[in-house]
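Spelled out, the chains give:
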Amino acid sequence: MNARIITAARVLTGCGATHAPGAVVVDEDEIVWLGPTSELPGGWGGATRIDLPEATVLPGLIDAHVHLSFGGATHPPTAIQARTRGEVAATIRTGLAELLGAGVTTVRDLGAPHYTDLDTLALIHDRPRVLTSTIPLTVAGGHCHGLGGTIDSIAGIRDLVAANADRGADWIKIMGSGGFTTGGASSPYEPQFTDAQVRAAVEAAHERGVPVAVHAHGTAAIRQAVTVGVDSIEHCTWMTSDGFNLDRGLVREIADRAILVCPTINHLARSAAGRLPWPVRRDHLRIMLEAGVRLVPGSDAGIPHTPPGCYPHSLSAYLDLGLSPAEVIDLATRRAAETLRIGHLTGTLAAGLSADLIAVPSDPTRDLAQLTTPILTMAAGHLHHPNATPEAEEETRA
Ligand SMILES: [Zn+2]
């Protein structure tokens, strides 16, 4: 047995209960007990004990949209073709370490070149959980074509979906519209594929039990994604070439079909004044939230100016939607896990679930900014002290 007991001023289970003071017992990679410290059962002789008398323990954060292979400012996505597999793998490793330092214990990676995501992750066990999507589907010269997923025929689309699923992709990613980081003929305002092409991809994925995430900025691409029955819409900015066109009927349909929307809000979104000004974006998000759309937070980490560790700094933006700090925490943990179909593994603290948790200095339900200064991260039982010296961090890995 390799048990650890963590006690804290409060333990937020994410299931509605708060134990104050509370304790969590972890054995290897699994939570085996939690409850009020006064009810901590005996029989954990030999267990390592970590006492955090001021801190709050809560589920680890979930970022539903990252690109660990991109490397942000140092390696813009358009330059990815010029990099070796070793360089991409190093970028992924660095990103994983940054996530642990930021208290992020699960991410969904929505696009990497040539299976570098799977090949790299297979070699690293002490890391956050990563839901992969491997090579995203795109068109010639289209958004993120440098990742190797250019296809046009229906047969080619089905083949790439099958190849990705066979390699172990947890999600299939389709570049439904162009993007802002590609340049050239790629337009974020227009669909890249025909309805029949996207439908073929969705059918091929669903035949294998794999959900589909579609990158869609413009309203036309959002409509296409909804029409063909995707599972997740990324960005969903409702942009047109000359402004915005939020379609309330379409919003209702997204809600009715339980399609999740990851609006990719990063730590800079709230101060944005350019083509996607925050007041407009905030109002769109409010409309979707009020209509019952299942929003899941994600940062798009890996794009320029958005390193993997920035995610906790993005969450304050959701306060502007009228959510309380506790509701934002719920969105970034329990609800994120449920919408990403991993609620049976993580997202809350309960016996039998993966030991994915963080500790922050004080009470984040009073001050959400507490999430930006984690003092402990545990990912599948692996312990990290974000601000510790390298030597101290090494000891926790023993
Ligand atoms: Zn992205």
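Okay, so let's go over this structure. (Residues numbered from 1 in each chain as written. Predicted model: local features only at pLDDT ≥ 70, side-chain atom pairs only at ≥ 80, totals over all residues. Heavy atoms only, no water.)

As a further point, take the nonpolar core. Ranked by internal contacts, the top residues of the largest apolar core, which has 77 residues, are L137 and I233. Here I233 is in contact with V214, A216, I222, A225, V226, I254, I259, L260, V261 and C262, once residues within four sequence places are set aside. Formed by 18 residues, the second largest nonpolar core is a distinct cluster that contains I6, A55, L357 and M378. (Core = buried A, V, L, I, M, F, W, Y, C linked by side-chain atoms within 4.5 Å. Buried < 20%, exposed > 50% of the residue type's maximum accessible area, 1.4 Å probe, protein only. Contact = heavy atoms within 4.5 Å.)

Attention shifts here to the coordination of the zinc ion. Distances from the zinc ion to its protein donors, H65 (NE2), H67 (NE2) and D300 (OD), fall within 2.1 to 2.3 Å. Considered as a linear motif, the donors of the zinc ion on their single chain read H-x1-H-x232-D. Taken together, the positions of H65 in strand β6 (residues 61-66) and D300 in the loop between β14 (294-295) and α8 (311-314) put the pair 235 residues apart, joining distant regions of the chain. Residue class for H65 comes out buried when judged on its relative accessible area of 0%. (Donors = N, O, S within 2.8 Å, 3.2 Å for Na, K, Ca; no water. Helix = DSSP H or I, 4+ residues; strand = E, 2+ residues; numbered from the N terminus.)

So, about the packing of helix α3 (residues 154-167) against helix α4 (residues 195-207). α4 packs onto α3 with a crossing angle of 30 degrees between their chain directions and a minimal axis gap of 9 Å. Relative to α4, the element α3 is oriented roughly parallel. α3 and α4 meet at a crossing whose hand is right-handed. Seen from α3, the contacting residues are I154, I157, R158 and V161; seen from α4, they are A196, Q197, A200, A201, E203, A204, A205 and E207. Residue classes in the contact of α3 with α4 are distributed as eight nonpolar, one polar and three charged. (Axes fitted to C-alpha atoms, helices over the stretch in contact; angles between N-to-C directions. Parallel < 35°, antiparallel > 145°, perpendicular 65-115°, else oblique. Left-handed = near helix turned anticlockwise from the far one by under 90°. Nonpolar A, V, L, I, M, F, W, Y, C, P; charged D, E, K, R; others polar.)

This part covers the environment of T94. Following the sequence through the fold, T94 ends up in helix α1 (residues 85-101). The exposure class assigned to T94 is partly exposed, which follows from its relative accessible area of 44%. A distance of 3.0 Å separates a polar atom in the side chain of T94 from the backbone oxygen of A90. (Polar contact = N/O pair within 3.5 Å; in protein donor to acceptor, adjacent residues only side chain to side chain.)

Helix length check: helix α7 (residues 278-290), at 13 residues, gives a terminal C-alpha distance of 18 Å against a target of 18 Å (1.5 Å per residue), a fit within 8%. Within α7, burial applies to W278, R281, H284, L285 and M288. Buried residues of α7, viewed axially, fall in a sector of 130 degrees; they line one side. Looking one or two residues past α7, G292 carries a phi angle of roughly 95 degrees, positive in sign. (Expected span 1.5 Å × (residues − 1). Arc of directions from axis to C-beta.)

Take the side chain of R281 next. Within the fold, R281 resides in helix α7. In this structure R281 is buried but unpaired, with D300 as the nearest side chain of opposite charge at 8.4 Å. When neighbours within four sequence positions are excluded, R281 is seen to be in contact with H235, C236, T237, P263, T264, I265 and L276. (Lys, Arg positive; Asp, Glu negative; His and termini not counted. Salt bridge = Lys/Arg side-chain N within 4 Å of Asp/Glu carboxyl O.)

It is worth spelling out the pairing of strand β4 (residues 30-36) at this point. Inspection of the sheet shows strand β3 (residues 22-27) paired to β4 by six bridges, in the antiparallel sense. The residue bridging G22 from the neighbouring strand is P36, located in β4. (Pairing = 2+ DSSP bridges.)

Once that is clear, we can look at the pairing of strand β11 (residues 232-240). Burial within β11 is extensive, with eight of its nine residues counted as buried. Pairing of strand β10 (residues 212-218) with β11 involves five bridges; the strand directions are parallel. Within β11, the residue paired with V214 across the bridge is I233. This β-α-β element, β10 to helix α5 (residues 219-228) to β11, shows right-handed connectivity. Two strands pair when backbone bridges link them, and β11 and strand β13 (residues 260-262) are joined in this way by three bridges, in the parallel orientation. (Right-handed = clockwise from strand over helix to strand, strands pointing away.)

Before going further, it helps to spend a moment on the environment of F180. With respect to the element layout, F180 can be found in the loop between β9 (172-175) and α4. For F180, a relative accessible area of 27% gives the class partly exposed. Setting aside chain neighbours within four positions, we find F180 in contact with H143, P188, Y189, H217, M239 and R275.

So, about the sheet that holds β6. With parallel pairing, three strands are arranged side by side in an open sheet as β6-β7-β8. Here the strands that pair on one side only, and so sit at the sheet edges, are β6 and β8 (129-131). Going from strand to strand, the sheet's axes swing by 20 degrees on average, the running direction of each strand aside. Relative to strand β7 (residues 104-109), β6 runs parallel, the two sharing four bridges. In the strand pairing of β7, V66 is matched with D109.

So, about unusual backbone geometry. The omega torsion of the bond from A20 to P21 falls at -5 degrees, within 30 degrees of zero and hence cis. Phi is positive for T134, close to 55 degrees, though the residue is something other than glycine. Note on placement: T134 falls in the loop between β8 and α3. Classification of T134 by relative accessible area gives buried; the value is 0%. Its identity is not glycine, yet C236 carries a phi of approximately 50 degrees, on the positive side. Looking at C236, the relative accessible area reads 1%, which means it is buried.

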